[in-house]
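Architecture at a glance
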Amino acid sequence: EIRLSLVGSEMCIRDRKRYAQSKLSWAIALGSFNGLLMIVQTAILAYLIDLVIFSGDNAVLNNSLSTNVSNNVITDTAFFTDTNLIIMALIAIIFCRAALGYFSECYSRRGAMDIKANIRSRLLNRLFQFGPTYTQTKGSAKLTHLLHQGIDSLEDYFAGYLPVIAYCAVIPLAILIAVFPIDWQSGLILLITAPMVPFFMILIGCLLYTSPSPRD
C-alpha cells in the first residue's frame, strides 16, 4: 500500500510530533494554564454574584441595627471598593485567558506546520528514490492529493487533538482539587460522574461506527 510505503504506520505518524515537541509543549502548557485561569475566573464570578446579590440582605440588617450613620457610609464605601476590585480582577483574567488562548493556538498551528513540512519532505525524498516509474504506476494525481490534502488533513490531529488530550488530563484534576476542600460531596459527585462522559462518547461512537450507513 502507498500509505504504508510512504507515510508508514499510524505509530510512525504519532512519532512525527518530536519534530515540533517544543512548540506543542508550549501550546499544551499555555492551554493548561488557561484552563486553570478558567477555574479562578469561575470562582471569582461566583463570589461576585454572592457579594452583589446576597450581601443586600445583610446590609439591610446592619442598617436596621446600626445607629451610627458614619459606620454605614464606611461600610458602603468598602463594599463598592471590594466590588470594583473584584470586577477589575475578573476583567484582567478574561484578557489573560484571551491572550493565552491566542498564543496556545499559534504554537499548536506552528508545530503542526513543522510536522507537515517534515512529513512532506520525507515523502518527496521517497518518491525521488522510487523514480518516475513508481509515479506513473501509482498515478500523479493520487500522489499529488496525498502530498497536499492528505498531509494537510493531519493538522487537526497535531494542532487540535493532541493538545486537547493534555487539557483533558489536567483541567478535570484541577477542578477536583479546587472543589474538594470547599464541598467534598460535590467533589465526590464530580469524581463519580465525570468518567461517564467519555464512556458514553465512546459508546455512541462505537454504535455509529457499527451501524450500517444509508448508502449500504
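First, a word on scope: everything that follows refers to the structure included in this document. Nothing here was measured: the structure is a model prediction, and the numbers come from that model.

Reading guide: rules and limits
Residues numbered from 1 in each chain as written. Predicted model: local features only at pLDDT ≥ 70, side-chain atom pairs only at ≥ 80, totals over all residues. Heavy atoms only, no water. Helix = DSSP H or I, 4+ residues; strand = E, 2+ residues; numbered from the N terminus. Contact = heavy atoms within 4.5 Å. Core = buried A, V, L, I, M, F, W, Y, C linked by side-chain atoms within 4.5 Å. Buried < 20%, exposed > 50% of the residue type's maximum accessible area, 1.4 Å probe, protein only. Salt bridge = Lys/Arg side-chain N within 4 Å of Asp/Glu carboxyl O. Expected span 1.5 Å × (residues − 1). Bend = angle between axes of the 7 residues up to and from the residue. Patch = residues over 30% accessible without salt bridge, like charges linked within 9 Å, V, L, I, M, F, W, Y side chains within 5 Å. Areas by Shrake-Rupley, 256 points an atom, 1.4 Å probe, with all protein chains shown as cover.

Position of K116 among the secondary structure elements: in helix α4 (residues 69-130). Discounting chain neighbours no more than four positions away, the residues touching K116 are I151, D152 and E155.

Our next topic: the nonpolar core. Generally speaking, soluble globular proteins have nonpolar side chains that are buried together. Of all hydrophobic cores here, the largest spans 14 residues; its most connected members are I115, I119, L123, L127, L147, I151 and F158. Those elements that provide at least two residues to this core are α4, α6 (140-152) and α7 (155-179). In terms of residue count, the dominant contributor to this core is α4 (5 residues). Beyond its immediate chain neighbours, meaning those up to four positions away, L147 contacts R120, L123, L124 and L127. The next biggest cluster of nonpolar side chains, apart from the first, holds 9 residues, and it includes L30, L37, L48 and L90.

This next bit is on the environment of G160. Tracing the chain through its elements places G160 in helix α7. Between the C-alpha atom of G160 and that of S108, which follows or precedes it by 52 residues, the distance is 7.6 Å.

All right, on to the pattern of salt bridges then. Tallying each qualifying case throughout the model produces 5 salt bridges. With its nearest N and O atoms 2.8 Å apart, the salt bridge here joins R109 to E105. With R109 and E105 both in helix α4 and 4 residues apart, this pair spans about one turn of that helix. We classify R109 as partly exposed; its relative accessible area is 28%.

This brings us to the environment of I87. When you line up the elements, I87 lands in helix α4. Judged by its relative accessible area of 34%, I87 is partly exposed. Sequence spacing of I87 and L48 is 39 residues, and the spatial spacing of their C-alpha atoms is 7.8 Å.

Let's shift gears to α6. With 13 residues, α6 extends 18 Å between its outermost C-alpha atoms, agreeing within 8% with the 18 Å of an ideal straight helix rising 1.5 Å per residue. The largest bend in α6 comes to about 35°, at L146. The complete set of buried residues in α6 reads L143, L146, L147 and I151.

Let us now look at a nonpolar patch on the surface. On the surface, W184, L188, L191, I192, M196, F199, F200, L203 and L207 cluster together to form a nonpolar patch covering roughly 910 Å² of accessible area. Going through the elements one at a time, α8 (184-193) and α9 (196-210) are the ones with two or more residues in the nonpolar patch. Looking at which element gives the most residues to the nonpolar patch, the answer is α9, with 5 residues. Mapped onto the elements of the fold, L191 is located in helix α8. Residue class for L191 comes out partly exposed when judged on its relative accessible area of 43%.

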